[in-house]
Amino acid sequence: MPQKRAVKFLGLSKWVGAFHATPARLEKILPLPLNSFNVFSQNTEPKDTSKFYTDLIRQCIQSKSISDLRTIQTHMIKSGFSHLSLGNKLIDAFLKCGSIEEARNLFDELPQRHIVTWNSMISSYISQRRSEEAVKLYNRMVLERAFPDEFTFSSIFKAFSQLDLVYEGRRAHGQAVVFGLEVSNAFVGSSLVDMYAKFGKFRDARMVLDRVAEKDVVLVTALIVGFAQHGRNVEALEVFKEMIDEGIEANGYTFASILSSCANLKDLLMGMLIHGLVIRSGFEFAVAAQTSLLTMYSKCGLVDDSLKVFKQIIEPNQVTWTSLITGLSQNGREEIALSKFRRMLRSSISPNAFTFSSVLRACSSLAMLEQGKQIHAMVAKYGLSGDTFTGAALIDFYGKCGITEMARLAFDRLSKLDVVSLNTMIYSYAQNGYGNEALKLFNPSLGCLVSSEREGIDQDLKLSNDASQRNHHNFSSHSDSQKTLLRKR
DNA sequence: CTAGGGTTAG
């Protein structure tokens, strides 16, 4: 009986007394009759009415009361949107209450939208990883002559990098230039640098960065992160040093990224130096920096130091636990890795694809069949059977345990194939004496993988197949699994 | 009333 559900407006006691307001009751106690809203234009609307609604909306946000917002919306629509600014506030309120759909519905209904409203909608879509919607709105915005401002540009570029739309992102950059907002502030600049860096377009990223007059830590960190994420660790370190030289202080984000570069370079000395810097700059308890620190030590082979870092972490998150488990598993401490995994679950932190691929690796190294099976069940429960990394770990695990059928089952569940998972499957077959099955996979033209709807995969397979054909008469260039196959033949 | 950068896997 949703109609009868009481709607409580906490601060409304002077209007409604102590009783609860239903939409029908609310209509009776509004400060002005609904019809009379129409006589006010947007500019001359009475101050107190506007304030009345504004307060109401603020209370709804505080109590996260979406149903109350709906009530207000109903009245607004009835009054023919006489209060446009309220419409915008209402959209903002829906967004803050997490109801993006209702915000969008109202957004579409409004005869006019404020630039702030456009920006709010766009950034909400992006933070919900629904960037297609954000881009659609952005394009519509330009068409409807609601000109994007620096707030728009500070968020829209992320949509293009999320969607991997290089050309469109560049075009939006051009539009920012046209509006004179390209490097109007560090917000727009860092968003642009981030986009170009994510695309691997480091020349463009650098050019934008250099044009920003007031550089700050976020701007430079965007470039550092870009280099680090593309495995260009030396360049990441160079930019980091440059930043320090320019007197810009690093923060937790910067340290998280730069320590990850040290880890990948196995540069223990630099890592320890930066560890000192982390402590001195007061980011000792920034969890991402701590996580990277932990990884740095374990990649450099100092497991005990990484355990020490972990002990310091007050609230380890999913990534932290995973890093710890990975480090242990990679350093031959499989049992401890598994016990940490159990502890992670007990502290109600859920595992992800990264975690599973690491614990499965631990199970695989020691051929712990029962444990691995249990983890396989969890993988299925978490809906991660299709993940390429986790899948490859499963294939590897069952292969090592000699259960080829299960390995194949895991293989067939992959939502996407790549060279590694294919190699792992071939290796599992080969290891267990199924030479013919392995060959079928090795040469997809024999019919094993063709005729599936997997297009990207075929591309991948074609590449690896072409490469192997080039080496066909050259035995020494074959991988171990291929050698095994050739012997079996 | 609206804005930017992060750490983990084969």
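Owing to the predicted nature of the structure, the values given are computational and were not obtained by experimental measurement.

### Quick word on the overall build of chain A
Of regular secondary structure, chain A possesses 28 helices and zero strands. Each of the 489 residues in chain A was classed as buried or not, and the buried ones make up 49%. Accessible surface, chain A: about 25,200 Å² in total, of which carbon and sulfur atoms supply 53%.

### Quick notes on the protein's contact with DNA strand B
Surrounding DNA strand B, one finds 51 residues, the nearest of these being N119, S190, N251, A288 and F354. Those atoms of DNA strand B that come within 4 Å of the protein belong to sugar or phosphate at a rate of 38%. K158 is positioned such that a nitrogen or oxygen atom in its side chain is 2.7 Å from a phosphate oxygen of DNA strand B. Take D216: an N or O atom from its side chain is 2.8 Å from a base nitrogen of DNA strand B. Per-class residue counts for the surface near DNA strand B are 18 nonpolar, 23 polar and 10 charged.

### Thoughts on the pattern of salt bridges
Under the defined criterion, the tally for this structure stands at 21 salt bridges. Among the salt bridges present, the one from R104 reaches D108, with a minimum N-O distance of 3.2 Å. Taken together, the residues span about one helical turn, with R104 and D108 both in helix α6 (residues 100–109) at a distance of four residues. With a relative accessible area of 15%, R104 lands in the buried category. Residues D194 and K198 are paired through a salt bridge, measuring 2.7 Å at the closest nitrogen-oxygen approach. Remark: K198 and D194 occur in helix α11 (residues 186–198); sequence separation between them is four residues, near one turn of the helix. The buried category is assigned to D194, whose relative accessible area is 16%. Members of the salt-bridge network, linked through shared partners, are R104, D108, R113, E133, K136, R140 and E144.

### Quick look at the environment of A392
Positionally, A392 belongs in helix α23 (residues 388–400). Residue classification places A392 among the buried residues on the basis of a relative accessible area of 11%. Along the sequence, A392 and L422 sit 30 residues apart, while their C-alpha atoms lie 8.2 Å from each other. Apart from the residues within four sequence positions on either side, A392 is in contact with S421 and T424.

### Quick word on the nonpolar core
Side chains of a nonpolar character, in soluble globular proteins, are inclined to be buried together. Counting 128 residues, the largest nonpolar core has M121, I156, F157, F255, I274 and I375 as the members making the most contacts within it. Take this core: its biggest share by element is eight residues, from helix α13 (residues 217–229). Once you skip the residues sitting within four places of it in the chain, F255 turns out to touch F240, A250, I274, L277, V278, S281, F283 and A289.

### What about the side chain of S99?
Locating S99 in the fold gives a position in the loop between α5 (84–96) and α6. Owing to a relative accessible area of 9%, S99 belongs among the buried residues under this scheme. At 3.0 Å, the side chain of S99 forms a polar contact with the side chain of E102. Excluding residues that lie within four positions of it along the chain, S99 makes contacts with I66 and F94.

### Observations concerning the packing of α23 against helix α24 (residues 404–413)
The axes of two packed helices give the description: the angle between them and the distance between them. The N-to-C vectors of α23 and α24 enclose an angle of 170°; their axes lie 8 Å apart at closest approach. Of the possible angle classes, the one that applies to α23 and α24 is roughly antiparallel. Only M406, A407, A410 and F411 of α24 make contact with α23, whose side of the interface consists of L394, I395, Y398 and G399. By residue class, the composition of the contact of α23 with α24 is seven nonpolar, one polar and no charged.

### Notes on the UniProt feature "repeat: PPR" (unreviewed entry) in chain A
Summarizing the sequence annotation, UniProt attributes the feature "repeat: PPR" (unreviewed entry) to residues 114–148, 216–250 and 317–351 in the numbering used throughout. As annotated, residues 114–148 has a helix share of 74% and a strand share of 0%, and its two end C-alpha atoms lie 11 Å apart. Secondary structure across residues 216–250 comprises 74% helix and 0% strand; the distance between its end C-alpha atoms is 9 Å.

Rules behind the numbers
- Residues numbered from 1 in each chain as written.
- Chains lettered and ligands numbered in written order.
- Predicted model: local features only at pLDDT ≥ 70, side-chain atom pairs only at ≥ 80, totals over all residues.
- Heavy atoms only, no water.
- Helix = DSSP H or I, 4+ residues; strand = E, 2+ residues; numbered from the N terminus.
- Buried < 20%, exposed > 50% of the residue type's maximum accessible area, 1.4 Å probe, protein only.
- Areas by Shrake-Rupley, 256 points an atom, 1.4 Å probe, with all protein chains shown as cover.
- Near = heavy atom within 4 Å.
- Polar contact = N/O pair within 3.5 Å; in protein donor to acceptor, adjacent residues only side chain to side chain.
- Nonpolar A, V, L, I, M, F, W, Y, C, P; charged D, E, K, R; others polar.
- Salt bridge = Lys/Arg side-chain N within 4 Å of Asp/Glu carboxyl O.
- Contact = heavy atoms within 4.5 Å.
- Core = buried A, V, L, I, M, F, W, Y, C linked by side-chain atoms within 4.5 Å.
- Axes fitted to C-alpha atoms, helices over the stretch in contact; angles between N-to-C directions.
- Parallel < 35°, antiparallel > 145°, perpendicular 65-115°, else oblique.
- UniProt positions renumbered as here; feature names shortened; annotations may be inferred.

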